[in-house]
Amino acid sequence: DAKTTQPNSMESNEEEPVHLPCNHSTISGTDYIHWYRQLPSQGPEYVIHGLTSNVNNRMASLAIAEDRKSSTLILHRATLRDAAVYYCILRGNNAGNMLTFGGGTRLMVKP
Amino acid sequence: DVKVTQSSRYLVKRTGEKVFLECVQDMDHENMFWYRQDPGLGLRLIYFSYDVKMKEKGDIPEGYSVSREKKERFSLILESASTNQTSMYLCASNDGPYGYTFGSGTRLTVV
């Protein structure tokens, strides 16, 4: 499986935008970029995914580099409830392709 | 919204006991998964299932088995619980290439 690299931790101030980076230089043409987050004492939660174009949903935006070797999850206005571990995961398009979790980025949000 | 329900939030069992962890999803998803999560090791896939009565080993199946007699229910079985199986267990479901939905987890302690 292609691997991803994320910073171990990041800090943000409340109500400011947060840009969470992810490097995936060995991504293949059919790999989707998925983002999940895990709040304390909960299971992971799907955030967003994309293939080539930037994607927006109610939770976040996903900016994908033109060469697809990196991506950035954007939280437009961080709240204290966004403090979580954020995982960037590559997944193939087939149903048989699993989610393989790495270490993720622990986001801390300061009031 | 898709819901994945794990039968117990916390469980304490004795070494050598047979333990059943139950997971039910309500959106007719084809695929179901069992992960365990340990500090420093992240989430690791134990078993998954693409269909009723079908199962595939994940990365760490030793000491576990699974059962999927109905589409909505996926059970994880610890045949003879050991202390090294003390962990957080997470169930998930999905369809095709789309995002996974996780349950809230079962924190199992084996004493």
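It should be emphasised that the depicted structure is a prediction, and the values quoted were computed from it without experimental measurement. (Residues numbered from 1 in each chain as written. Chains lettered and ligands numbered in written order. Predicted model: local features only at pLDDT ≥ 70, side-chain atom pairs only at ≥ 80, totals over all residues. Heavy atoms only, no water.)

Chemist: Where do I start with the overall build of chain A in this structure?
Modeler: If you tally the helices and strands in chain A, you get zero helices and nine strands. Reading chain A from its N terminus to its C terminus gives the helix and strand order β-β-β-β-β-β-β-β-β. Rg of the C-alpha trace for chain A: 13 Å, near the compact-globule value of 13 Å for 111 residues, within the 12% margin. Residues counted as buried form 43% of the 111 residues belonging to chain A. Residue pairs at least 24 apart in sequence account for 56% of intrachain contacts in chain A once pairs closer than 6 positions are excluded. Surface exposure of chain A reaches about 5,700 Å², of which carbon and sulfur atoms provide 46%. Distance between charge centres in chain A, computed from 10 positive and 10 negative side chains, equals 4 Å. (Helix = DSSP H or I, 4+ residues; strand = E, 2+ residues; numbered from the N terminus. Rg over C-alpha atoms; globule rule 2.2 N^0.38 Å. Buried < 20%, exposed > 50% of the residue type's maximum accessible area, 1.4 Å probe, protein only. Contact = heavy atoms within 4.5 Å. Areas by Shrake-Rupley, 256 points an atom, 1.4 Å probe, with all protein chains shown as cover. Lys, Arg positive; Asp, Glu negative; His and termini not counted. Charge placed at Lys NZ, Arg CZ, Asp CG, Glu CD.)

Chemist: Please explain the interface of chain B and chain A as it appears in this structure.
Modeler: A common measure of how large an interface is: the accessible area buried when the components associate. On the side of chain A, 17 residues touch chain B, which itself brings 19 residues to the contact. The largest per-residue losses of area from chain B upon contact with chain A belong to B:Leu43, B:Pro97 and B:Tyr100, which jointly make up 35% of the total buried on that side. Remark: the boundary between chain B and chain A carries zero salt bridges. If you look at where chain B meets chain A, you find five residue pairs in polar contact (both at pLDDT 80 or more). Among the residues making up the side of chain B that touches chain A, the classes are represented as 11 nonpolar, seven polar and one charged. (Buried area = accessible area lost by both parts, 1.4 Å probe. Salt bridge = Lys/Arg side-chain N within 4 Å of Asp/Glu carboxyl O. Polar contact = N/O pair within 3.5 Å; in protein donor to acceptor, adjacent residues only side chain to side chain. Nonpolar A, V, L, I, M, F, W, Y, C, P; charged D, E, K, R; others polar.)

Chemist: I tried to follow the state of the cysteines on my own but got confused; where do I start?
Modeler: Cysteine pairs can be linked by a disulfide, which is a covalent bond between their two sulfur atoms. Applying the stated criterion to the full structure yields two disulfides over all chains. A:Cys22 shares a disulfide with A:Cys88; S-S distance 2.1 Å. Its S-S torsion of about -80° marks the bond between A:Cys22 and A:Cys88 as left-handed, since a negative value means left-handed. Of this pair, A:Cys22 sits in strand 2 (residues 18-23) while A:Cys88 sits in strand 8 (residues 84-91), and the two are 66 residues apart along the sequence. Comparing A:Cys22 with A:Cys88, the two get one shared label, buried. B:Cys23 shares a disulfide with B:Cys91; S-S distance 1.8 Å. Between B:Cys23 and B:Cys91, the S-S dihedral sits near -80°, and the bridge is therefore left-handed. (Disulfide = S-S within 2.5 Å.)

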